[in-house]
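Read off the chains here:
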Amino acid sequence: LVSKMRDIATQGDAHRFRTNATEVGFLLAYEANKSNETRSKSIRTPLGIAEHELDSQLTLLLNILRGANPMVEGAQRIYRQAPVGFVDAKRYGTPNPDGTMPIKINYQNIPLDSFEGVDLVIPDIMLATGSSLVDTVNQLQNQYGGSAKIHVLSCIGAKDGADYVLDKLPNSRV
């Protein structure tokens, strides 16, 4: 799927690109969900009482409005009960001394009052340096508090960017 998305012919076909990005979002969310902590719950079935494993943490899908929309759609197929938060974050100004660009959040719609005890799942088509993602998450966590875990679902990524995210957001997985 990734090679199809990177192919110039596919990039010119918006429908195929979105379809592939949706599928990648689904597959990455499936893998990320495997590491979630679960709790056992008894449910009544037509055959009697059965024990089922459910996620023990609330999950928030965080859509940083760029190319992530189709990946978020795919992730929603796994995290069906998860609320979705939307953020419009843009780079602005001159680079910081470390070469990263400052980020300004122009719009946010977060359906929770706090991130405390919440797992964040952040689909992102491309993770290059990781600085935009880290700065956005830091700004949101300053406002909503820290989250339990952060899962970054990246379709195309640079190792340096993944390392930067893991270093700056210690409770994250890329």
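Preceding this section is the structure that the text describes.
Calculation criteria
- Residues numbered from 1 in each chain as written.
- Predicted model: local features only at pLDDT ≥ 70, side-chain atom pairs only at ≥ 80, totals over all residues.
- Heavy atoms only, no water.
- Phe/Tyr/Trp six-rings, centres within 6.5 Å; stacked < 30°, edge-to-face > 60°.
- Helix = DSSP H or I, 4+ residues; strand = E, 2+ residues; numbered from the N terminus.
- Buried < 20%, exposed > 50% of the residue type's maximum accessible area, 1.4 Å probe, protein only.
- Lys NZ or Arg CZ within 6 Å of the ring centre and 35° of its normal.
- Axes fitted to C-alpha atoms, helices over the stretch in contact; angles between N-to-C directions.
- Parallel < 35°, antiparallel > 145°, perpendicular 65-115°, else oblique.
- Left-handed = near helix turned anticlockwise from the far one by under 90°.
- Contact = heavy atoms within 4.5 Å.
- Salt bridge = Lys/Arg side-chain N within 4 Å of Asp/Glu carboxyl O.
- Core = buried A, V, L, I, M, F, W, Y, C linked by side-chain atoms within 4.5 Å.

Undergrad: Can you help me understand the packing of aromatic side chains in this one?
TA: The geometry of an aromatic ring pair is captured by the separation of the ring centres together with the interplanar angle, meaning the angle of the planes. Here the structure, examined in full by the defined rule, presents one aromatic pair. Ring centres of Phe115 and Tyr144 lie 5.0 Å apart, and the angle between their planes is 25°; this geometry places the pair in the stacked category. Taken together, the residues Phe115 in the loop between strand S5 (103-109) and strand S6 (118-127) and Tyr144 in helix H5 (residues 131-144) connect sequence positions 29 residues apart. Taken individually, Phe115 and Tyr144 each receive the classification buried, so the pair is uniform in this respect. Positioned above the aromatic ring of Phe26, the side-chain terminus of Arg77 is 4.1 Å from the ring centre.

Undergrad: Is there a simple way to think about the packing of H5 against helix H6 (residues 159-168) in this case?
TA: The description of two packed helices rests on the angle between their axes and on the distance between the axes. Running from N to C, H5 and H6 point in directions that differ by 25°, and their axes come no closer than 9 Å. By the angle between their axes, H5 is roughly parallel relative to H6. Note that H5 runs across H6; the crossing there is right-handed. Counting all contacts with H5, which are made through Ser131, Leu133 and Val134, the residues of H6 involved are Tyr164, Val165 and Lys168.

Undergrad: Would you explain the pattern of salt bridges in this entry?
TA: It is possible for side chains bearing opposite charge to pair when their charged atoms get close. Inspection of the entire model under this criterion finds five salt bridges. A salt bridge links Arg77 to Glu23; its shortest N-O distance comes to 3.5 Å. With a gap of 54 residues between them, Arg77 in the loop between helix H4 (69-76) and strand S4 (84-91) and Glu23 in helix H3 (residues 14-33) connect regions that are remote in the sequence. Salt-bridge contacts for Glu31 lead to Lys34; the nearest nitrogen and oxygen are separated by 3.2 Å. The exposure class assigned to Lys34 is exposed, which follows from its relative accessible area of 55%.

Undergrad: What should I look at first to understand the nonpolar core in this one?
TA: As a rule of thumb, nonpolar side chains are buried together in soluble globular proteins. Core analysis: the largest hydrophobic core is formed by 24 residues, its most contacted members being Ile122 and Leu133. Broken down by element, the residue count for this core peaks at five residues, all from H5. Sequence-distant contacts of Leu133, defined by excluding residues within four places in its chain, comprise Ile64, Ile122, Asp124, Leu127, Val152 and Val165. If you look at the next biggest cluster of nonpolar residues, it comprises 17 residues, including Ala21, Ala29, Tyr79 and Val121.

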